[in-house]
Each structure stands twice: as C-alpha cells, then as structure tokens.
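# Residue-level structure breakdown
Chain residues, written in single-letter form:
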Amino acid sequence: MNILFIGDIFASPGRRITGEVLPGIVATEKIDLVIANAENSAGGFGITPNVAEELFSMGIEVLTTGNHIWDKREIYDYFQREPRLLRPANYPSGAPGAGVYVGKARNGVSYAVINLQGRVHMPATDCPFTKADEILASLPAGVKVRFVDFHAEVTSEKCAMGLYLDGRISALIGTHTHIPTADGRILPRGAAYQTDSGMTGPYLSVIGVEPQAVIHRFLTAMPVKFETASEWVELHGVIVGVDEASGRATSIKAVAETL
Ligand code: FE2
C-alpha cells in the first residue's frame with residue numbers, strides 16, 4: 001500500500017495548495033492512506049476545530065501535530081470528538097488528546113499512526129523513546145503498518161529514533177524544522193526514514209514566517225509580531241510504499257508540488 005505523508009501544513013497558503021494538489025497525487029500515485037502534520041495549519045500557530053475539519057474533508061485521514069498543538073485553546077475539547085487528530089504521545093498523561101490512532105485504510109488494511117516529539121531544544125516532555133516502546137508493545141499484532149511522525153528539532157535525535165524503532169515500524173518521518181532533507185532511505189530492518197519532510201507552505205519565508213520580522217528579531221533580539229509569508233508556496237512530503245503483510249517499507253520518495 002502507498003502512504004502519503006504531507007509535511008507541516010503552514011497557515012492558509014499551506015491549506016490552499018494541499019486542497020488543490022492532493023486529489024491529483026492520490027490518483028496518480030495510487031495512495032491508500034493520507035497523513036499530514038497540521039500543527040501550524042491555523043494562521044501558522046496551532047490548529048482549530050474548523051481547520052481540522054477542512055483538512056479532513058480534503059481526504060486526509062489522520063492529522064499529526066507537535067509543540068504548537070496547544071496554541072489555540074478551542075482545540076483542547078476537540079480531541080474527545082475526533083481521535084484522528086493526534087498530539088505527541090509523550091506529553092504527560094494529564095494533557096488532552098492521544099498520540100496514537102489505529103484505523104483501517106481505504107484498501108481495508110489496518111494501520112497505526114504514532115506521533116512523538118523530541119526533547120532536544122523542545123518543550124520538556126516524557127521520553128519519546130520509552131513512550132514509543134510502550135505504544136508499540138500495546139498495538140495488536142495484526143496492525144503491521146505503523147507510521148511514526150517524529151516532531152523534533154535536531155537531526156541526531158531523529159536519526160537515533162529511526163534506527164531505534166527500525167524493525168518495529170514501517171516508517172518514521174521527521175517534522176518541525178520545515179526544511180526537507182535529502183536522506184530518504186529504507187533502514188536495514190525495513191523502516192522507511194527521512195529526517196524531515198519539509199513544510200507545505202510559503203518558502204520565501206523563514207520557516208513560513210514573513211522574513212523581515214524574523215531578520216529584525218535576529219538583528220535586535222526584540223520581540224516581533226510574526227506574519228505568514230505568501231510567496232513560493234510549495235507542498236512537500238513523502239510517499240512510502242509498504243508491504244502490508246510484513247509491515248516493511250518497500251519504497252520511499254519525496255514529493256514536491258507547486259501551484
Ligand atoms: Fe513544531
């Protein structure tokens with residue numbers, strides 16, 4: 001089966017290009033399951049119930065997130081109504097929501113999506129490595145297709161997690177930096193891996209934000225108001241082919257689309 005993962009959908013430019021190009025990618029690449037990181041999908045900060053509904057209505061089955069998940073308060077209660085919206089699993093158990101979803105893809109195959117968050121240069125959370133162990137041990141044996149979005153800042157933590165989980169998952173794709181990396185590969189025990197999928201949003205920017213404000217902040221160390229950039233809107237993601245009987249990845253390729 002083919003899984004499309006769409007990298008961090010950033011604000012309205014990211015949502016617009018996703019809506020426009022997703023049907024074509026699904027048809028051309030024979031996609032069976034669409035997953036997207038949406039932690040910056042509402043104005044660049046967090047996600048709202050309306051934005052989540054908009055993304056689900058485009059044909060995205062599961063939404064993953066990251067450290068910005070708590071930016072919009074109205075999303076907190078939404079977790080109870082919509083289990084397909086995930087927050088990183090290694091937030092302490094008192095936090096709303098869950099970090100794993102088990103479902104059936106449009107081809108009838110059972111799958112699990114797991115959302116984890118790094119701890120290096122990120123908010124303090126529980127250990128993502130032991131949380132992954134716990135979740136993988138709890139999944140039904142019949143759920144062979146296991147996709148992990150690891151939302152983390154540093155490449156070393158992402159590489160380590162990929163190799164740590166190799167043999168137990170189908171794919172681990174990194175998010176959060178908004179910069180696509182060119183290291184997509186299949187690890188020795190069958191997990192597809194890429195350090196970062198990149199962003200779906202405006203690339204004439206500093207990770208989605210209008211550049212002048214960010215440059216001003218670097219020059220002065222003063223607080224500035226961040227506005228969403230608007231130019232060079234691109235969709236970035238990966239397509240992972242998985243053998244559903246074994247759960248091992250058979251292929252990984254980057255996807256890049258412009259309007
Ligand atoms: Fe993030």
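Residues numbered from 1 in each chain as written. Predicted model: local features only at pLDDT ≥ 70, side-chain atom pairs only at ≥ 80, totals over all residues. Heavy atoms only, no water.

## Regarding the nonpolar core
Within the largest apolar cluster, 32 residues are counted, with the highest numbers of intra-cluster contacts made by Leu4, Ile6, Val34, Ile47, Leu55, Ile60 and Leu63. Taken together, the elements giving at least two residues each to this core come down to β1 (2-6), α1 (11-28), β2 (33-37), α2 (49-57), α3 (78-81) and β11 (233-242). Among the elements that make up this core, the one with the highest residue count is α1 (five residues). Phe5, Leu86, Val145 and Ala249 belong to the second-largest nonpolar core, a separate cluster that totals 22 residues. (Core = buried A, V, L, I, M, F, W, Y, C linked by side-chain atoms within 4.5 Å. Buried < 20%, exposed > 50% of the residue type's maximum accessible area, 1.4 Å probe, protein only. Helix = DSSP H or I, 4+ residues; strand = E, 2+ residues; numbered from the N terminus.)

## Considerations on the layout of surface pockets
In this structure, the largest pocket occupies an estimated 370 Å³ of space. Val206, Ile207, Val209, Arg217 and Phe226 are, among the 18 residues lining the largest pocket, the residues nearest its centre. In terms of residue class, the lining of the largest pocket is built from eight nonpolar, seven polar and three charged. (1 Å grid on protein atoms, 1.4 Å probe; cavity = no way out; pocket = protein on both sides within 12 Å on 5 of 7 lines; lining within 4 Å. Points joined across faces, edges and corners; volume = space filled by probe spheres on them. Nonpolar A, V, L, I, M, F, W, Y, C, P; charged D, E, K, R; others polar.)

## Comments concerning the sheet that holds strand β4 (residues 100-104)
Judged by pairing direction, the sheet is mixed, and its six strands sit side by side in the order β4-β5-β6-β7-β9-β8 without closing on themselves. The two strands at the open ends of the sheet, each matched to only one other strand, are β4 and β8 (185-186). Of the pairings in the sheet, the one linking strand β6 (residues 145-151) to strand β7 (residues 171-175) comprises five bridges and is parallel in character. The residue bridging Phe147 from the neighbouring strand is Ala171, located in β7. Sheet strands in contact with helix α4 (residues 128-138) are β4, β5 (110-117) and β6, and its direction is about 165° off that of β5. (Pairing = 2+ DSSP bridges. Contact = heavy atoms within 4.5 Å. Axes fitted to C-alpha atoms, helices over the stretch in contact; angles between N-to-C directions.)

## Looking at the coordination of the iron ion
Think of it this way: four donors in a tetrahedron around the metal ideally sit 109.5 degrees apart, and six in an octahedron ideally sit 90 or 180 degrees apart. Those protein atoms acting as donors to the iron ion are Glu39 (OE), Asn67 (OD1), His151 (NE2) and His176 (ND1), and they sit at 2.0 to 2.3 Å. Coordination at the iron ion is irregular: its four donor atoms span angles of 87 to 153° at the metal. The motif formed by the donor residues of the iron ion, counted along the single chain, is E-x27-N-x83-H-x24-H. Of this pair, Asn67 sits in the loop between β3 (62-64) and α3 while His151 sits in strand β6, and the two are 84 residues apart along the sequence. Residue classification places Asn67 among the buried positions, given a relative accessible area of 18%. (Donors = N, O, S within 2.8 Å, 3.2 Å for Na, K, Ca; no water. Tetrahedral: all angles 85-135°; square planar, octahedral: opposite > 155°, others 65-115°.)

## Notes on the pairing of β1
Buried residues dominate β1, accounting for four of its five residues. In this sheet, β11 lies alongside β1 in antiparallel orientation, the contact comprising five bridges. Each bridged residue has a counterpart across the sheet, and for Ile6 the counterpart in β11 is Gly237. As paired strands, β1 and β2 are joined by four bridges and run parallel to one another. When the bridges of β2 are listed, Ile6 appears paired with Ala36. Chirality of the crossover, the property in question, places the unit of β1, α1 and β2 among those that are right-handed. (Right-handed = clockwise from strand over helix to strand, strands pointing away.)

## Some details on the environment of Pro180
Checked against the element boundaries, Pro180 lands in the loop between β7 and β8. Along the backbone, Pro180 and Thr195 are 15 residues apart, and their C-alpha atoms lie at a distance of 8.0 Å. Contacts of Pro180, omitting those with residues within four sequence positions, involve Asp196, Ser197, Gly198, Tyr203 and His236.

## Examining the pairing of β2
Of all five residues making up β2, five are buried, and the element is well covered by its neighbours. The side-chain alternation of β2 yields two buried faces, one formed by Leu33, Ile35 and Asn37 and the other by Val34 and Ala36. Pairing analysis gives three bridges linking β2 to β3, with the strands arranged parallel. Residue pairing across strands places Asn37 opposite Thr64, the latter belonging to β3.

## A few points about the pattern of salt bridges
Once the charged atoms of two side chains with opposite charge are near each other, the side chains can pair. Taken as a whole, this structure holds eight salt bridges when the rule is applied. Across the salt bridge formed by Arg106 and Glu61, the nearest N and O atoms sit 2.9 Å from each other. A residue pair is termed long-range when its members are at least 10 positions apart, and Arg106 in the loop between β4 and β5 and Glu61 in the loop between α2 and β3 qualify at 45 residues. (Salt bridge = Lys/Arg side-chain N within 4 Å of Asp/Glu carboxyl O.)

## Quick word on the packing of aromatic side chains
Taken as a whole, this structure holds six aromatic pairs when the rule is applied. Between Trp70 and Phe79, the aromatic rings sit 6.2 Å apart at their centres with planes inclined by 55°, giving tilted as the arrangement. Each member of the pair, Trp70 as well as Phe79, is classed as buried. Chaining the aromatic ring pairs together yields one cluster made of Trp70, Tyr76, Phe79 and Tyr91. We note Arg84 situated over the ring of Phe56; from NZ or CZ to the ring centre the distance is 4.0 Å. Its guanidinium or amino end placed over the ring of Tyr164, Arg168 lies 4.9 Å from that ring's centre, counting from NZ or CZ. (Phe/Tyr/Trp six-rings, centres within 6.5 Å; stacked < 30°, edge-to-face > 60°. Lys NZ or Arg CZ within 6 Å of the ring centre and 35° of its normal.)

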